[in-house]
Each structure stands twice: as C-alpha cells, then as structure tokens.
Amino acid sequence: MCLGVPGEIIEINESMGTVKIGDTQIKVGLDLVSPVRVGDFVLVHAGFAVQVIDPHEASLTWELIKELAINEHN
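Residue numbers here run from 1 along each chain, matching the order of that chain's written sequence. Reporting of local features is limited, given that this is a predicted model, to residues whose pLDDT is at least 70; pairs of side-chain atoms are given and counted only at 80 or more, and all residues count toward the totals for whole chains, interfaces and linings. Calculated side-chain values reflect all of the structure's heavy atoms, with hydrogen atoms and water omitted.

### Remarks on the pairing of strand 2 (residues 16–21)
Then, number 1: Being paired, for any two strands, means DSSP has found at least two bridges between them. Helix and strand definitions follow DSSP, with helices as H or I runs of at least four residues and strands as E runs of at least two, each counted in order from the N terminus. As paired elements, strand 1 (residues 5–13) and strand 2 share five bridges and run antiparallel to each other. Looking at strand 2, one finds that E11 is bridged to T18.
Then, number 2: In this antiparallel pair of consecutive strands, strand 1 and strand 2, the connection spans two residues, and E14 shows a positive phi of 60 degrees.
Then, number 3: The pairing of strand 2 with strand 3 (residues 24–29) spans six bridges and is antiparallel. If you follow V19 over to strand 3, its bridge partner there is I26.
Then, number 4: Connecting strand 2 to the antiparallel partner strand 3 that follows it, the hairpin turn spans two residues, and G22 within it adopts a positive phi of roughly 65 degrees.

### Some details on helix 1 (residues 55–73)
Then, number 1: The terminal C-alpha atoms of helix 1, which comprises 19 residues, lie 28 Å apart, in line with the 27 Å expected from a rise of 1.5 Å per residue.
Then, number 2: Three labels apply to residues, based on accessible area from a 1.4 Å probe with only protein chains included: buried if under 20% of the type maximum, exposed if over 50%, partly exposed otherwise in between. All buried positions along helix 1 are accounted for by A58, T61 and I65. For helix 1, the buried positions fall inside an angular range of 65 degrees around the axis, keeping them on one side. Of the exposed residues in helix 1, those oriented more than 90 degrees away from the buried face are H56, L64 and I70. By this rule, a helix spans an expected 1.5 Å times one less than how many residues it contains. The arc under discussion is defined with respect to the helix axis, by the directions toward the C-beta atoms.

### Notes on a nonpolar patch on the surface
Then, number 1: Two joining distances apply to patches: 9 Å for like charges and 5 Å for nonpolar side chains (Val, Leu, Ile, Met, Phe, Trp, Tyr), and every residue must have over 30% relative accessible area and no salt bridge. In this description, accessible areas are obtained by the Shrake-Rupley approach with a 1.4 Å probe, and a residue is regarded as covered only by the protein chains that are shown. For this analysis, a salt bridge means a side-chain nitrogen from Lys or Arg found within 4 Å of a carboxyl oxygen belonging to Asp or Glu. Together, L32, F48 and V50 give the surface a local cluster of nonpolar side chains, amounting to about 270 Å² of exposed area.
Then, number 2: Assignment of secondary structure puts F48 in strand 5 (residues 48–53).

Here it is as structure tokens:
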C-alpha cells in the first residue's frame, strides 16, 4: 500500500520545496504540482509533492493516519 502524507510548503527554491510534516521538515520535488505557493498543503510520496490539497483535507488525512497507527498498536 502506498501512502501520501500531507504537509505544508514552507519554502520554495525553484523545483524543490521544504514541506513541514508535523515537527519535521523535508525537501521534496515540486515538479508534479507546479505551480504551488508557500502555505499550500500537498500530499508527499517518495520525495515528491504529488497533489495539492486544501488544509481541511490535510487535517482529516492526519486524523485518519493517527487512527490507523493507534489501531495497529492495539
């Protein structure tokens, strides 16, 4: 199963961006979602932002990921 993780773009430098995922910041390729802006939310998979999503959808996705993690440990 593949999983895209939501994060917020906090910096853009040409075709690369820095995305904040929780307390972590990672560099991702932006070629698949161009054009994007700082503040946009994206789904990240395999080092690339693969889709722009709205903040509400990002929040719902994180809640589902947390729920899956809790259920896996029970």
